[in-house]
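A structural walkthrough
Here is what each chain is made of, one letter per residue.
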Amino acid sequence: GNEIRLAQNAQIDFEAPGGEEESLQVLTTDAAGHVFVKDVTITIIDTNDPPDLDVLTGSQTENIEENAVPYQVGLRLSDFNGDAIAITAVSGDTDFFTLVNAPALNSFAMGVFDFSLVFDTPDFEDPLDANGDNIYEYTITISDSSGGHTIAKTFQYTVTNVSPETLNGTIDAD
């Protein structure tokens, strides 16, 4: 053929040491058995990487007992390329979630931002999530300013029932 293919599972990474160029030798053999060898250098062009929203503590999905203390997830918003980044949207069961110490919505800024997502656990017997199945969802959408990258991360918490028995073994309300 007329193309050079990367070996399976091989990666070219501009950010790796020496990653700006890749050198290789192309060896061809014609029908008569003549061998031709050519040194080739490929220049790697950097691309803009998308921003990251990493979970530092807690979990993106969890089963949580009803009426428990608020569940907190530690998050980090960053961009490998150093582009200005922002939380550009939040959606889902927003009445039950709070962003604490997060950058203001649609406020692009450069840096690394650590903040928390807090889920206020409601009562199992009175599901108030969007479809009434006790699975509360919250999506955070982030963007960078120069690469046009938009990433969404959804958090999903299932509220579970707690036995209504009191310490003396009788049935009572939760």
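Structure report, in brief. (Residues numbered from 1 in each chain as written. Predicted model: local features only at pLDDT ≥ 70, side-chain atom pairs only at ≥ 80, totals over all residues. Heavy atoms only, no water.)

**Some thoughts on the overall build of the protein**
Counting its secondary structure elements, the protein contains 0 helices and 10 strands. Dimensions of the protein, computed from the C-alpha atoms along their principal axes, are close to 90 × 40 × 25 Å. When each of the 174 residues of the protein is scored for burial, the buried share is 24%. Pairs at least 24 residues apart make up 57% of the contacts formed inside the protein by residues separated by at least 6 positions. A total of about 11100 Å² of accessible surface is found on the protein, and carbon and sulfur atoms cover 50% of it. Each charge sign in the protein was given a centre, from 4 positive and 31 negative side chains, and these centres are 20 Å apart. (Helix = DSSP H or I, 4+ residues; strand = E, 2+ residues; numbered from the N terminus. Buried < 20%, exposed > 50% of the residue type's maximum accessible area, 1.4 Å probe, protein only. Contact = heavy atoms within 4.5 Å. Areas by Shrake-Rupley, 256 points an atom, 1.4 Å probe, with all protein chains shown as cover. Lys, Arg positive; Asp, Glu negative; His and termini not counted. Charge placed at Lys NZ, Arg CZ, Asp CG, Glu CD.)

**Observations concerning the packing of aromatic side chains**
In this description, an aromatic ring pair is defined by two values, namely the gap between the centres and the angle between the planes. Scanning the model with the defined rule gives 7 aromatic pairs in all. Between the aromatic rings of Phe119 and Tyr157, the centroid separation amounts to 5.4 Å while the plane-to-plane angle is 25 degrees, which identifies the pairing as stacked. Here Phe119, found in strand S8 (residues 113-119), pairs with Tyr157, found in strand S10 (residues 150-160); they are 38 residues apart in sequence, far enough to count as distant. Owing to a relative accessible area of 1%, Tyr157 belongs among the buried residues under this scheme. Pairwise contacts between aromatic rings join Tyr71, Phe96, Phe97, Phe119, Tyr136, Tyr138 and Tyr157 into one cluster. (Phe/Tyr/Trp six-rings, centres within 6.5 Å; stacked < 30°, edge-to-face > 60°.)

**Let's talk about the side chain of Ser78**
The topology assignment puts Ser78 in strand S5 (residues 71-78). A relative accessible area of 12% means that Ser78 is categorised as buried. Ignoring anything within four residues of it in the chain, the contact list for Ser78 reads Pro51, Asp52, Asp54, Ile85, Gly111 and Val112.

**So, the pattern of salt bridges**
If the charged atoms of two oppositely charged side chains come close together, the side chains can form a pair. Within the structure shown, the criterion is met by 1 salt bridge. Salt-bridge contacts for Arg76 lead to Asp114; the nearest nitrogen and oxygen are separated by 2.6 Å. Here the residue Arg76 occupies a position in strand S5, and Asp114 occupies one in strand S8, the gap between them amounting to 38 residues. Overall, Arg76 belongs to the partly exposed group, its relative accessible area being 30%. (Salt bridge = Lys/Arg side-chain N within 4 Å of Asp/Glu carboxyl O.)

**Notes on the side chain of Asn134**
Looking at where Asn134 falls in the secondary structure, it is placed in the loop between S8 and strand S9 (135-144). Under the relative-accessibility criterion, Asn134 is labelled buried at 5%. There is a polar contact of 2.9 Å between the side chain of Asn134 and the backbone oxygen of Phe124. (Polar contact = N/O pair within 3.5 Å; in protein donor to acceptor, adjacent residues only side chain to side chain.)

**Comments concerning the nonpolar core**
Among the nonpolar cores identified, the biggest contains 20 residues, and Leu75, Phe97, Leu117, Phe119, Ile140 and Tyr157 are the most heavily contacted of them. Breaking this core down by element, the ones donating at least two residues are S5, strand S6 (85-92), S8, S9 and S10. Dropping the residues within four chain positions of it, Ile140 is found in contact with Leu53, Leu75, Ile87, Ala89, Val90, Leu99, Ile151, Ala152, Lys153 and Phe155. (Core = buried A, V, L, I, M, F, W, Y, C linked by side-chain atoms within 4.5 Å.)

**What to know about the sheet that holds S5**
A sheet is described by the order of its strands in space; here 4 strands give the open sequence S3-S5-S8-S7, paired in antiparallel fashion. Each of the sheet's edge strands pairs with one partner strand only, and the pair in question is strand S3 (52-57) and strand S7 (97-100). For this sheet, the mean angle separating the axes of adjacent strands, direction not counted, is 30 degrees. Direction of pairing for S3 relative to S5: antiparallel, over a ladder of 5 bridges. What sits directly across from Asp54, in S5, is Arg76. (Pairing = 2+ DSSP bridges. Axes fitted to C-alpha atoms, helices over the stretch in contact; angles between N-to-C directions.)

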